[in-house]
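Here's the letter readout for the chains.
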Amino acid sequence: MTTQAGSEVTTRAKYELSHLQTLEAESIYIMREVAAQFERPVLLFSGGKDSIVLMRLAEKAFRPGRFPFPVMHVDTGHNFPEVVEFRDRLVERLGERLIVASVQDSIDRGRVREETGPRASRNRLQTVTLLDAIDEHGFDAAFGGARRDEERARAKERVFSFRDDFGQWDPKHQRPELWSLYNGRIRKGEHVRAFPISNWTEMDVWQYIAQEHLEVPSIYYAHTRQVFERDSMLYALNPHIELIDGEVPFEASVRYRTVGDMTCTGAVRSTATTLEAVVAEIAATRITERGETRADDRVTEAAMEDRKREGYF
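Residues numbered from 1 in each chain as written. Predicted model: local features only at pLDDT ≥ 70, side-chain atom pairs only at ≥ 80, totals over all residues. Heavy atoms only, no water.

## Observations regarding the packing of helix α3 (residues 49-62) against helix α4 (residues 81-94)
Turning to step 1, where the next piece is worked out: Taken N-terminus to C-terminus, the directions of α3 and α4 make an angle of 0°; their axes are 12 Å apart at the nearest point. Taken together, the axes of α3 and α4 lie roughly parallel to each other. Of the residues in α4, those in contact with I52, M55 and E59 of α3 are F86, L90, V91 and L94. (Axes fitted to C-alpha atoms, helices over the stretch in contact; angles between N-to-C directions. Helix = DSSP H or I, 4+ residues; strand = E, 2+ residues; numbered from the N terminus. Parallel < 35°, antiparallel > 145°, perpendicular 65-115°, else oblique. Contact = heavy atoms within 4.5 Å.)

## Concerning a nonpolar patch on the surface
Turning to step 1, where the next piece is worked out: Residues Y29, L178, W179 and L181 make up a contiguous nonpolar surface patch of about 500 Å² in total accessible area.
Turning to step 2, where the next piece is worked out: Mapped onto the elements of the fold, Y29 is located in helix α2 (residues 19-37).
Turning to step 3, where the next piece is worked out: Accessibility expressed as a relative area gives 33% for Y29, which makes it partly exposed. (Patch = residues over 30% accessible without salt bridge, like charges linked within 9 Å, V, L, I, M, F, W, Y side chains within 5 Å. Areas by Shrake-Rupley, 256 points an atom, 1.4 Å probe, with all protein chains shown as cover. Salt bridge = Lys/Arg side-chain N within 4 Å of Asp/Glu carboxyl O. Buried < 20%, exposed > 50% of the residue type's maximum accessible area, 1.4 Å probe, protein only.)

## What about the environment of R97?
Turning to step 1, where the next piece is worked out: Within the secondary structure, R97 sits in the loop between α4 and β3 (98-102).
Turning to step 2, where the next piece is worked out: Once you skip the residues sitting within four places of it in the chain, R97 turns out to touch R66, P70, V71 and H137.

## Details of the pairing of strand β8 (residues 233-236)
Turning to step 1, where the next piece is worked out: Of the two faces of β8, the one lined by M233 and Y235 and the one lined by L234 and A236 are each fully buried.
Turning to step 2, where the next piece is worked out: Looking at chain direction, strand β7 (residues 223-230) and β8 are connected through 4 bridges and run antiparallel. Directly across from F228, in β8, lies its bridge partner Y235.
Turning to step 3, where the next piece is worked out: Where β7 folds back on β8, the antiparallel hairpin that results is connected by 2 residues, among which D231 adopts a positive phi of roughly 50°. (Pairing = 2+ DSSP bridges.)

## What about helix α7 (residues 202-212)?
An α-helical segment advances 3.6 residues per turn. Residues three or four places apart therefore align on the same side.
Turning to step 1, where the next piece is worked out: Summarising burial for α7: 8 of the 11 residues are buried, a large majority.
Turning to step 2, where the next piece is worked out: Directly beyond the C-terminal end of α7, a positive phi value near 55° is found at H213.

## Let's talk about the pairing of strand β6 (residues 191-194)
The two faces of a sheet get side chains in turn, since along a regular strand they alternate between them.
Turning to step 1, where the next piece is worked out: The alternating pattern of β6 places H191 and R193 on one face and V192 and A194 on the opposite face, and all of these are buried.
Turning to step 2, where the next piece is worked out: Judged from the 3 bridges that link them, strand β4 (residues 141-143) and β6 form a sheet pairing that is parallel. By the bridge assignment for β6, A142 is matched with R193.
Turning to step 3, where the next piece is worked out: Relative to β6, strand β5 (residues 160-163) is paired through 4 bridges, and the arrangement is antiparallel. Looking at the pairing, R163 lines up with H191 of β6.

## Looking at the nonpolar core
Turning to step 1, where the next piece is worked out: Ranked by internal contacts, the top residues of the largest apolar core, which has 60 residues, are L43, M55, L57, F160 and W206.
Turning to step 2, where the next piece is worked out: Looking at this core element by element, the count peaks at 8 residues for α3.
Turning to step 3, where the next piece is worked out: Counting residues in each nonpolar core, the second largest holds 15 residues, with V42, L44, M72 and L125 among its members. (Core = buried A, V, L, I, M, F, W, Y, C linked by side-chain atoms within 4.5 Å.)

## Re the sheet that holds β7
Turning to step 1, where the next piece is worked out: Ordered in space as β8-β7-β9-β10, the 4 strands form an open sheet in which the pairing is antiparallel. The sheet terminates laterally at β8 and β10 (268-269), the two strands that pair on one side only.

## Description of the pattern of salt bridges
Turning to step 1, where the next piece is worked out: Within this structure, the stated rule accounts for 21 salt bridges.
Turning to step 2, where the next piece is worked out: The residue R255 makes a salt bridge to E281 at a minimum N-O spacing of 2.9 Å. With a gap of 26 residues between them, R255 in strand β9 (residues 250-255) and E281 in helix α8 (residues 275-284) connect regions that are remote in the sequence.

## Examining the packing of aromatic side chains
Turning to step 1, where the next piece is worked out: Overall, the coordinates contain 10 aromatic pairs when judged by the stated rule.
Turning to step 2, where the next piece is worked out: For the pair W206 and Y220, a centre-to-centre distance of 5.4 Å together with 80° between the ring planes defines the contact as edge-to-face. Here the residue W206 occupies a position in helix α7, and Y220 occupies one in the loop between α7 and β7, the gap between them amounting to 14 residues. Comparing W206 with Y220 shows no difference in burial state: the two are buried.
Turning to step 3, where the next piece is worked out: These aromatic residues form a ring-pair network of at least three members: Y29, F38, F160 and Y182. (Phe/Tyr/Trp six-rings, centres within 6.5 Å; stacked < 30°, edge-to-face > 60°.)

## Describing the sheet that holds β5
Turning to step 1, where the next piece is worked out: Taken in spatial order, the 6 strands line up as β3-β2-β1-β4-β6-β5 in an open sheet, and their pairing is mixed. Two strands close off the open sheet at either side, each with one partner strand: β3 and β5. Pairwise comparison of adjacent strand axes, ignoring direction, gives a mean angle of 30° for this sheet.
Turning to step 2, where the next piece is worked out: This element, α4, spans β2 (71-75) and β3 of the sheet and lies at about 155° to β3.

Structure representation (structure tokens):
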């Protein structure tokens with residue numbers, strides 16, 4: 001005979017959400033809040049694992065209708081070909097609108113000046129391209145895939161991160177977010193960066209990708225590639241970066257923990273060719289993906305925060 005107390009425990013257990021279900025529900029709520037409070041949102045998509053999760057969350061938030069916002073990629077022109085191919089294929093499959101904001105166009109129009117030399121990168125130039133695109137299209141909110149565990153400056157972000165009419169971020173003047181209440185009121189010229197997966201970790205992202213059977217670009221899995229070592233990082237041999245004397249290319253089994261500009265994104269040695277193996281590697285590491293594989297975050301201890309103040313992602 002089942003007692004009333006036993007029945008209540010069984011019912012409660014039946015409807016308890018798992019850790020990933022709780023994160024998913026919070027993220028969907030945030031996406032719907034942005035869609036409800038802002039007139040012209042946009043989803044920033046890099047082709048990386050975090051933005052792939054954002055796309056899946058947007059499907060769950062707004063299907064069977066189309067997304068109430070376009071998808072935008074800020075393309076440096078130095079992206080991994082595998083990622084660009086994946087981006088185009090995913091957007092086409094979902095039937096969503098893709099906007100490509102080009103750093104090369106910004107260079108051609110004299111909005112930014114291209115760096116030269118073996119350590120040149122277009123990564124910092126993305127900020128001007130992004131802000132110009134936000135202004136051109138009149139976007140008042142932009143979804144980003146940043147997470148608090150990525151980097152110390154990321155941990156200062158609110159879920160609704162306000163940017164002034166110059167696109168700049170001031171961590172000391174952000175609004176409180178109590179009881180998951182988000183105030184999206186802005187003045188003309190201002191906009192908000194919204195981070196639906198801010199409370200997720202890298203492990204959460206990979207476990208969600210496994211749970212949802214999501215495809216990711218092939219460079220996230222171990223593959224043989226021509227690389228060279230610089231500043232204790234492995235870079236893909238590519239036409240956008242000059243070798244320094246003494247740097248000798250060699251072949252290695254590597255994968256990428258994050259995707260970005262080829263000139264500043266490093267690989268890690270790996271034999272993980274499956275999702276299960278990738279999750280096992282992430283569980284064993286104690287270094288964040290940006291700390292291990294992004295050269296632009298190693299310039300100074302405050303490199304990311306400095307870029308974010310200027311309007312970076």
